[in-house]
Amino acid sequence: MALTEAVAANETPTLPIVLEYLLNPSNETRELVRPDGGRAVAHSLRRTVSGDLEGMFDAPSTVSFDAEAPMMVMDTSALIGASEQALSLAAACGATWLEAAITNPDGGKRIVVYDEGWRMLADPYMLVKMSEQWRLARTYGIANLLIMHKVADLNEIGDSTSGHRQKALGLLTEADTRIIYRQKHDSMRLTKDALGLTEAECGQVEELPKGVGLWKVGNRPFIVANQVTSNELTVFSTDRRMMP
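Participant: Whenever I open this one, the overall build of the protein confuses me. Can you help?
Facilitator: Each helix and strand in the protein was counted, giving twelve helices and five strands. Since a compact globule built from 244 residues should have a radius of gyration of about 18 Å, the 22 Å found for the protein marks it as more spread out than a globular shape. Along the longest, intermediate and shortest principal axes, the C-alpha atoms of the protein span 70 × 45 × 45 Å. Within the protein, the proportion of its 244 residues that are buried is 32%. Restricting to contacts in the protein with at least 6 residues of sequence separation, those with at least 24 account for 55%. If the 24 positive side-chain charges of the protein are averaged to one point and the 32 negative ones to another, these points end up 5 Å apart.

Listed below in structure tokens is the structure:
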């Protein structure tokens, strides 16, 4: 009810405005929920506009989705070192914004790339959103690409009995195309089980040179060498900071 009132009275409603309506409801709302009816929610919401989360979620958005742009990047590097609550809120906001953009019929066909996929999979809300996008990809006109360092990163989100981890593994098994670059031997058992590799394929993955990957398209394996142009290398190379 506070959100409805904030939207009706403001062209650009923000969380502080919603918080104000929670703490000071209109007379009509007060009659329905009593004067203190919104205070518990207000105290939960207050942290998003003050304290350690102040300045992250409490102002109008500075970015709009440009359907004509060839690429848009959601940069979360400023959140390195932030609390788990801040990361979870940022993921929820980002997922909701992304969903609104890609489900727009006028948004065109899109490739949606999730980098540092293990962190995305660790967040329960993001995992639910990603699962929806995987199942409804054709309806949305999107192709999903999830990038991880190694499947063993899923150990960070629970043991083998964890329901959350099983859902994350389920998302990997639903991928139609799996691309695996060189992995160390101690990571291969989990990779083999999660991605459905044969013993021979595991042996190949351990010996792959840089830039060459095993592509599993359905059940068909291919060894593919990436050819990177100089222009692409300028954009994507992460080794420059390590050079003398």
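Participant: Could you clarify how one ought to interpret the packing of helix H5 (residues 84-102) against helix H7 (residues 124-135) in this entry?
Facilitator: Think of two packed helices as two axes; the pair is described by the angle between the axes and how far apart they sit. At a minimum axis separation of 9 Å, H5 and H7 run at an interaxial angle of 20°. If you check the angle between H5 and H7, you find them roughly parallel. As for the relative orientation of H5 and H7, their crossing is left-handed in sense. Residues Ala91, Ala92, Ala95, Thr96, Leu98, Glu99 and Ile102 of H5 pack against Tyr125, Met126, Lys129, Glu132 and Gln133 of H7. Its residues placed into classes, the contact of H5 with H7 shows seven nonpolar, two polar and three charged.

Participant: Looking at this structure, I do not really get a nonpolar patch on the surface. What am I missing?
Facilitator: Residues Val63, Met72, Met74 and Trp97 make up a contiguous nonpolar surface patch of roughly 350 Å² in combined accessible area. With respect to the element layout, Met72 can be found in the loop between helix H4 (39-46) and H5.

Participant: Quick question: what am I supposed to make of the sheet that holds strand E4 (residues 212-217) here?
Facilitator: Across a sheet, strands are paired by hydrogen bonds formed along the backbone, either parallel or antiparallel in direction. Read from one edge to the other, the open sheet built from three strands follows the order E3-E4-E5, with strand pairing classed as antiparallel. Of all the strands in the sheet, the pair left with one neighbour each is strand E3 (177-180) and strand E5 (220-225). Strand-to-strand, the axes of this sheet are offset by a mean angle of 25°, without reference to chain direction. By the bridge criterion, four bridges tie E3 to E4 in an arrangement that is antiparallel. Within the sheet, the bridge partner assigned to Ile179 lies in E4 and is Trp215.

Participant: Sorry, what's going on with the packing of aromatic side chains here?
Facilitator: Within a pair of aromatic rings, the relevant descriptors are the distance that separates the centres and the angle that separates the planes. If you walk through the whole model with that rule in mind, you get one aromatic pair. Each ring, one from Tyr114 and one from Trp134, has its centre 6.0 Å from the other, and the planes form 35°; the classification is tilted. With a gap of 20 residues between them, Tyr114 in strand E1 (residues 110-114) and Trp134 in helix H7 connect regions that are remote in the sequence. Of the two residues, Tyr114 and Trp134, both sit in the buried class.

Participant: Just to check I follow, could you spell out the nonpolar core for this structure?
Facilitator: Looking at soluble globular proteins, one finds that nonpolar side chains tend to be buried together. Counting residues in hydrophobic clusters, the biggest one holds 32 residues, and the most contacted among them are Tyr114, Leu121, Met130 and Leu154. Setting aside residues up to four positions removed in sequence, Met130 forms contacts with Tyr114, Met120, Leu121, Leu146 and Leu171. Of all hydrophobic cores here, the second largest spans nine residues; its members include Ala2, Ala6, Leu22 and Ala42.

Participant: Got a minute to help me understand helix H9 (residues 163-173) in this structure?
Facilitator: A turn of α-helix holds 3.6 residues, and therefore any two residues three or four places apart point the same way. Turning to H9, its buried residues are His164, Arg165, Ala168, Leu169, Leu171 and Leu172. Buried positions in H9, seen along its axis, are confined to an arc of 150° and lie on one side of it. Of the surrounding secondary structure, the elements contacted by the buried residues of H9 are helix H6 (117-122), H7, strand E2 (142-146), E3 and helix H10 (188-195).

Participant: Can you walk me through the environment of Gly196 in this structure?
Facilitator: In this structure, Gly196 sits in the loop between H10 and helix H11 (199-207). Its relative accessible area of 42% is what places Gly196 among the partly exposed residues. As for Gly196 and Gly218, which are separated by 22 residues in sequence, their C-alpha atoms are 10 Å apart. Apart from the residues within four sequence positions on either side, Gly196 is in contact with Arg178, Thr191, Glu201 and Lys216.

Participant: Honestly, the pattern of salt bridges in this entry has me stumped. Any pointers?
Facilitator: Side-chain pairs of opposite charge can arise where the charged atoms are in close proximity. Applying the stated criterion to the full structure yields four salt bridges. Put simply, Lys150 and Asp153 hold a salt bridge, and the shortest N to O gap is 3.3 Å. A relative accessible area of 11% places Asp153 in the buried class. The shortest N-O distance in the salt bridge between Glu199 and Lys192 comes to 4.0 Å.

Parameters at a glance
- Residues numbered from 1 in each chain as written.
- Predicted model: local features only at pLDDT ≥ 70, side-chain atom pairs only at ≥ 80, totals over all residues.
- Heavy atoms only, no water.
- Helix = DSSP H or I, 4+ residues; strand = E, 2+ residues; numbered from the N terminus.
- Rg over C-alpha atoms; globule rule 2.2 N^0.38 Å.
- Buried < 20%, exposed > 50% of the residue type's maximum accessible area, 1.4 Å probe, protein only.
- Contact = heavy atoms within 4.5 Å.
- Lys, Arg positive; Asp, Glu negative; His and termini not counted.
- Charge placed at Lys NZ, Arg CZ, Asp CG, Glu CD.
- Axes fitted to C-alpha atoms, helices over the stretch in contact; angles between N-to-C directions.
- Parallel < 35°, antiparallel > 145°, perpendicular 65-115°, else oblique.
- Left-handed = near helix turned anticlockwise from the far one by under 90°.
- Nonpolar A, V, L, I, M, F, W, Y, C, P; charged D, E, K, R; others polar.
- Patch = residues over 30% accessible without salt bridge, like charges linked within 9 Å, V, L, I, M, F, W, Y side chains within 5 Å.
- Areas by Shrake-Rupley, 256 points an atom, 1.4 Å probe, with all protein chains shown as cover.
- Salt bridge = Lys/Arg side-chain N within 4 Å of Asp/Glu carboxyl O.
- Pairing = 2+ DSSP bridges.
- Phe/Tyr/Trp six-rings, centres within 6.5 Å; stacked < 30°, edge-to-face > 60°.
- Core = buried A, V, L, I, M, F, W, Y, C linked by side-chain atoms within 4.5 Å.
- Arc of directions from axis to C-beta.

Keep in mind these values describe shape, not function.
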